[in-house]
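# Structure assessment
Chain by chain, the residues run as shown.
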Amino acid sequence: QPVCLNFDERGRLWVVQYLQYPFPAGLKILAHDEHMRAVFDKVPEPPPHHTPGADKVTLFEDRDGDGVFEAHKDFITGLNIATSAISGRGGVYVMNPPYLLFYPDRNSDDVPDGDPEVLLDGFGLEDTHAAANSLTWGPDGWLYGAQGSTCTATIRDQKIFGQFSWRFHPTTREFEVFAEGAGNTFCLEFDRRGRLYSGTNYANRRGSHYVQGGFYERTFSKHGPFTNPYTYGYFPHMDHQGDEDRFSHSLIVYEGGELPARFKGQLISLVPLHNRVQVSNLLSDGSTFKTADTERAVETSDNWFRPVDIKAGPDGAVYFTDWYDIRLTHADPRDNWDRSNGRIYRLQAKGAAPAQSFNLAQQSGDELIHNLASPNKWLRQQSLRVLGDRRDKSLAPKLARLIEENTGQLALEALWALNLSGGFSEDVASRTLNHVDPFVRLWSVRLLGDARRVSPVIQKKLVALAQMEKQVQVRSQLACSARRLPSSDALPIIYELSQHYEDTKDPHLPLLLWWALEDKAISDRALVLAIFNTSTARQIPMIAEHLLPRLVQRYAAEGQDPDLESAAALLKKAHGQIELYELLDAFSEGCKGRKLNRIPPSLIEIFDNATNVGDPQMVLLRLNLGVGQEADLETAWNFVRKDDESIQKLRIEFINVLGKSGQLDDVPKLLDVVRTSRWPPIQREVLSTLKRFDDTHIGRELLEAYPQLPKEQGVRSLALDVLSSRIAWAQELVRAIAAKSISQSDVTPELIERLKLHRDAEIDSSIKELWGTTRPSTEEKQQRMASLAKTLASGTGNAERGKAIFTTTCGKCHMIFGEGEKLAPDLTGYERDNLDFMLVATIDPSAGIRDEYANYQIVTSDGLVLSGFILEQTPLSVTIEDGPQSKVVVSRDDIESLSASPISRMPEGLLDAMSEVQVRDLFAYLQSKQATAHVQQEIVPNEQDSDFP
């Protein structure tokens, strides 16, 4: 089970063998939650007081120079869920969640000098498939690591949910989150410019490009909110063209100088679900990147081939570990892992010679500096690491000259070496901020920002750089670093960066500038308003389009008197009605999920003086914010009553806002709209709104109206959904079904599960009487899988006929080859040719539920039960897709419980009504291949980096 590999300064290979996976030794699992996260009986002790496990850190060496690593020894044994190991700073660092351990080996005899030191603790163990991993040295001398999607972490009292990259300084012992989000983070890779990347478990994506302090897409229902709830946006993965498979688990940017020239600067990704190694172009996309597939470097039809970690080696070849098992997914309760067949492969140029023996630790400082000019990135990075181990300040003058005398990569390497040797200072930065190479300027900004303070002289230089800098990635780092500086230093930098009109549409810059500004918005509001609430500032597109609306939203979300006064100051200076309405929309968004208890006079004056008071958009805003008058309510009802298709969207908005008011007097009016409207979208919106009213009459009225409701566009199914949402209505519903006034066939398995959420004796008894046992046992599922395997082996299906079956069954929720619906995972990128996986996914869909498709349940304090996908979470509210085409915003103050369902929305027994021929036809289509066009693109060079981005 080789899960991680790294090379040391002698070219030897350190491998973590993950033999204890998936269950930690000495721990008892008390329960699993809806995301397969384990709850253990205790927190394990660190070594040597721990319960020993089977994991090992093993050292491999090629002693005779023939290219085969024939000698090996175990450096550490008995580890218990160890995911990563890397040498440096006089020992070996081991990621052994919940701990980051350091095993000292000062004499380099490959035997630990003693017990390990615990450097960090608190990394989660809930899912050993996604534990903290991938220790990597950064060019700044920090030790970086990643954590996957399902585990949480509490490091030094900082609670962090899954999916983040972090760093730890080996000297100062400082820990910080570097970036949050971005898929099941397993792998970290620095390119030659010191830019950071990671793989992902997303479909049709190769990975993410991390910037310092960035927030990246995540499944909020599972992973919770960001550590900062006021991000108001996040970055997606790098855009991608090419194969749409899942997932590019681990990657490198190849800069080893040994493979053919076409690989230079290319992304080489492992795709374990599809048994191959993929090569992709890495292309500029503003301040970030996008990817385009080119060729498959390694490919096999062997479904046991599972590459999981990849590194470039000292010889310029590419090395990758192979987990080698038919299984890869952890969504299968069977512990039938094959732990005997792991291996490591090397991808190299034809005729390549083995690397000659060497030991960088024995080289002089001058020799290590000479290595910084090598075309092999590994040699440069490892030489930097050794220089960091030594911290020899006597090398500073030579390194400073190299920076001054060179204009490209060597100058950047020398800057990193100078910093690692202890020679970087503000005096050096005053020169390097003006360096001709943009990445020397970028890293000067980065290193200065890490100190979190600068002198007045350097601050002026940073402001000038923000004003004049032409390279967008330097501007990106300036925004990241500004967030780390005090307000008086940061805000002028942010303001100057905002004036780069070309960055208004950049994929990263608008949000980076917002996050920098948000960091100061509450703590130094007076200075923020003084700089950004002027007539001149409001004419700058970046400020007007991206910063001011979010600033208004932020103050509204904080909601205290000084914050509302700040929002009023921004609203008061709006240029014209359009800008005012946009800012009022932002204010309303900030208040979502609550009504303002007190509105300062300055805000009331803005509402009262707004032009076109009868304008429907202004009425909507006033009602949304809870400041509407009787005339506003009458205007709203007048629009709702107009059965006019041309204003359907506006009518829906008014129905929604009237429902939020919660006036029981409105119930008869809403019921009348349900009965009389000719438009299903209007009926659906009213039905969703009726859930909010705890009125027993609603259930009886809906049951009476049910036969007249249209079947099309989901009106009837939504009516049943509403009836299931409150216990009194649900009791009436099951009585009506038992009396056959509502057809039993109208009730879906999902609705039955919703009815069970009430835990009511009458409802549960009726369900058992009407439907019997609704879910088969584990044994019955296993028998069904075995039977299905025999059916599929007994003949060959017809894919064309199978496509028709897919369209009428699976295709109502799933998509494949671009056809179908998006209510459930797109099946195109899954390992559909792995029958072992397909049997579990089909017969027991609840065994593994994709994060973004988990069904959640909300119970409110007044007894309303909602279930569906979580669409959004804010500090004030939760938005849930409750029922077909129904979206409900619930105030957190009103939520009694919020939990994910362990039951998939995909119904069980989907194949029961099919004949054996139909089953074979369906699987023939599901497992069919569709030719995927490989995208061939020329690399588009960055204008100031001509060889590759």
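That block above? That's the structure.
Starting from 1, residues in each chain are numbered consecutively following that chain's sequence as written. Two thresholds apply to this predicted model, a pLDDT of at least 70 for residue-level local features and 80 or more for giving and counting side-chain atom pairs, whereas whole-chain, interface and lining totals are computed over all residues. Side-chain figures throughout are based on the complete set of non-hydrogen atoms in the structure, without hydrogens or water.

This next bit is on the overall build of the chain. A count of helices and strands for the chain gives 31 helices and 34 strands. Relative to a compact globule of 949 residues, whose C-alpha radius of gyration would be 30 Å, the chain shows 30 Å and is just as compact. Overall, the chain is about 90 × 75 × 55 Å in size when its C-alpha atoms are taken along their principal axes. The burial tally for the chain puts 59% of its 949 residues in the buried class. Working rule for contacts: check all heavy atoms of both residues, and any pair within 4.5 Å makes them a contact. Across the chain, contacts joining residues at least 24 apart in sequence account for 64% of those joining residues at least 6 apart. A run of DSSP states H or I qualifies as a helix once it reaches four residues; a run of E qualifies as a strand once it reaches two. Both are numbered from the N-terminal end. The globule rule is 2.2 Å times the number of residues to the power 0.38, and the radius of gyration it is compared with is taken over C-alpha atoms. Buried means the residue's accessible area, taken with a 1.4 Å probe over protein chains only, is under 20% of the maximum for its type, while exposed means over 50%, and partly exposed covers the values in between.

What follows is about the nonpolar core. The tendency in soluble globular proteins is for nonpolar side chains to be buried as a group. Throughout, nonpolar core names a set of buried Ala, Val, Leu, Ile, Met, Phe, Trp, Tyr and Cys residues whose side chains join them through atoms within 4.5 Å. Leu399, Leu462, Leu478, Ile493, Phe532, Leu551 and Phe587 are the most contacted members of the largest nonpolar core, which totals 111 residues. Core analysis: the next-biggest nonpolar cluster, separate from the first, contains 48 residues, Val619, Leu671, Ile752 and Ile763 among them.

To continue, consider the sheet that holds strand β21 (residues 250-253). The strand order across the open sheet formed by five strands is β20-β24-β23-β22-β21, and the pairing between neighbours is mixed. The outermost strands of the open sheet, each flanked by one partner alone, are β20 (239-241) and β21. Shown here is a sheet whose adjacent strand axes are inclined to one another by a mean of 30 degrees, direction ignored. When DSSP finds two or more bridges between a pair of strands, those strands are recorded as paired. In this description, a line fitted to the C-alpha atoms serves as the axis of each element, helices being fitted only across the stretch in contact, and the angle between N-to-C directions of two axes falls anywhere from 0 to 180 degrees.

Structurally, His50 can be placed in the loop between β4 (38-40) and β5 (55-61). Among the polar contacts listed, one links the side chain of His50 to the backbone oxygen of Gly78, at a separation of 2.7 Å. For His50, the contacting residues outside a window of four places in its chain are Glu45, Gly78, Leu79 and Asn80. N or O atoms closer than or at 3.5 Å make up a polar contact, with two conditions inside protein: a donor-capable atom paired with an acceptor-capable one, and, for residues adjacent in sequence, both atoms drawn from side chains.

This brings us to the packing of aromatic side chains. When the centres of two rings from Phe, Tyr and Trp lie within 6.5 Å, Trp using its six-membered ring, the rings pair. Their planes under 30 degrees apart give stacked, over 60 give edge-to-face, and anything left gives tilted. Applying the stated criterion across every chain, the model contains 34 aromatic pairs. Ring centres 5.3 Å apart and planes at 15 degrees place the aromatic pair Phe639 and Phe654 in the stacked group. With Phe639 in helix α19 (residues 630-641) and Phe654 in helix α20 (residues 648-661), this residue pair connects regions lying 15 residues apart in the sequence. Accessibility classification places Phe639 together with Phe654 in one group, the buried group. By way of ring pairs, the aromatic residues Tyr210, Phe215, Tyr216, Phe226, Tyr234, Phe235 and Trp515 are connected into one cluster. Sitting over a ring, as applied to charges here, requires NZ of Lys or CZ of Arg to be within 6 Å of the ring centre and within 35 degrees of the ring normal. Directly above the aromatic system of Trp142 lies the positively charged group of Arg167, at a separation of 3.7 Å from the ring centroid. The aromatic ring of Tyr230 is capped on one face by Arg554, whose charged end is 3.5 Å from the ring centroid.

Another aspect to go through is helix α7 (residues 438-450). One less than the number of residues in a helix, times 1.5 Å, gives the span that helix is expected to have. In this model, α7 (13 residues) spans 19 Å end to end at C-alpha, consistent with the 18 Å of a helix rising 1.5 Å per residue. With 13 of 13 residues buried, α7 is to be regarded as a mostly interior element. Where α7 begins, the capping side chain belongs to Asp437, and its oxygen is found 2.9 Å from the backbone nitrogen of Phe439. One or two residues past the end of α7 sits Arg452, with phi positive at roughly 65 degrees.

If you walk across this open sheet you meet the four strands as β11-β12-β15-β16, and the pairing is antiparallel. Of all strands in the sheet, those bounded by a partner on one side alone are β11 (133-137) and β16 (175-180). The mean inter-strand angle of the sheet, taken between neighbouring strand axes irrespective of direction, is 25 degrees. Alignment of β11 against strand β12 (residues 143-147), held across three bridges, turns out to be antiparallel. Opposite Asn133, over in β12, you have Ala146 as the bridge partner.

Before going further, it helps to spend a moment on the packing of helix α14 (residues 541-558) against helix α15 (residues 561-572). As a packed pair, α14 and α15 sit with axes 7 Å apart at the nearest point and diverge in direction by 155 degrees. Taken together, the axes of α14 and α15 are roughly antiparallel relative to one another. In this structure, the crossing between α14 and α15 has a hand that is left-handed. Of the residues in α15, those touching α14 at Leu548, Leu551, Val552, Tyr555, Ala556 and Glu558 are Asp563, Leu564, Ser566, Ala567 and Leu570. Amino acid classes used here: Ala, Val, Leu, Ile, Met, Phe, Trp, Tyr, Cys and Pro are nonpolar; Asp, Glu, Lys and Arg are charged; the rest, including Gly, are polar. Its residues assigned to classes, the contact of α14 with α15 comprises eight nonpolar, one polar and two charged. Note on terminology: angles under 35 degrees are roughly parallel, angles over 145 are roughly antiparallel, angles of 65 to 115 are roughly perpendicular, and the others are oblique. Here a crossing is taken to be left-handed if its near helix is turned anticlockwise relative to the far helix by less than a right angle, and right-handed if that turn runs clockwise.

Two side chains of opposite charge can pair, provided their charged atoms sit close to one another. We define a salt bridge as a side-chain nitrogen of Lys or Arg found within 4 Å of a carboxyl oxygen belonging to Asp or Glu. Tallied over the full model, the rule gives 53 salt bridges. We note a salt bridge from Arg726 to Asp862, for which the minimum N-O separation is 3.2 Å. One end of the pair, Arg726, is in the loop between α24 (715-723) and α25 (727-738); the other, Asp862, is in the loop between β30 (856-860) and β31 (865-873), with 136 residues separating them in the sequence. The class of Asp862 is partly exposed, set by a relative accessible area of 36%. Here Arg784 ties to Asp912 by a salt bridge, and the two come within 3.5 Å at their closest N and O atoms. Here Asp912 lies in the loop between β34 (895-900) and α31 (916-926) and Arg784 lies in helix α28 (residues 778-793), a separation of 128 residues in the sequence.

All of the buried residues along helix α30 (residues 835-843) are Phe837, Met838, Leu839, Val840, Thr842 and Ile843. Of the surrounding elements, those touching the buried residues of α30 are α28 and α31.

One way to put it is that α28 packs onto α30 with a least axis distance of 10 Å and a crossing angle of 130 degrees. Here α30 runs oblique to α28, going by the angle between their axes. In the packing of α28 onto α30, the handedness of the crossing is right-handed. Across the interface between the two elements, Lys781, Arg784, Met785, Leu788, Ala789 and Leu792 from α28 touch Leu835, Leu839, Val840 and Ile843 from α30. Partitioning the contact of α28 with α30 into residue classes produces eight nonpolar, no polar and two charged.

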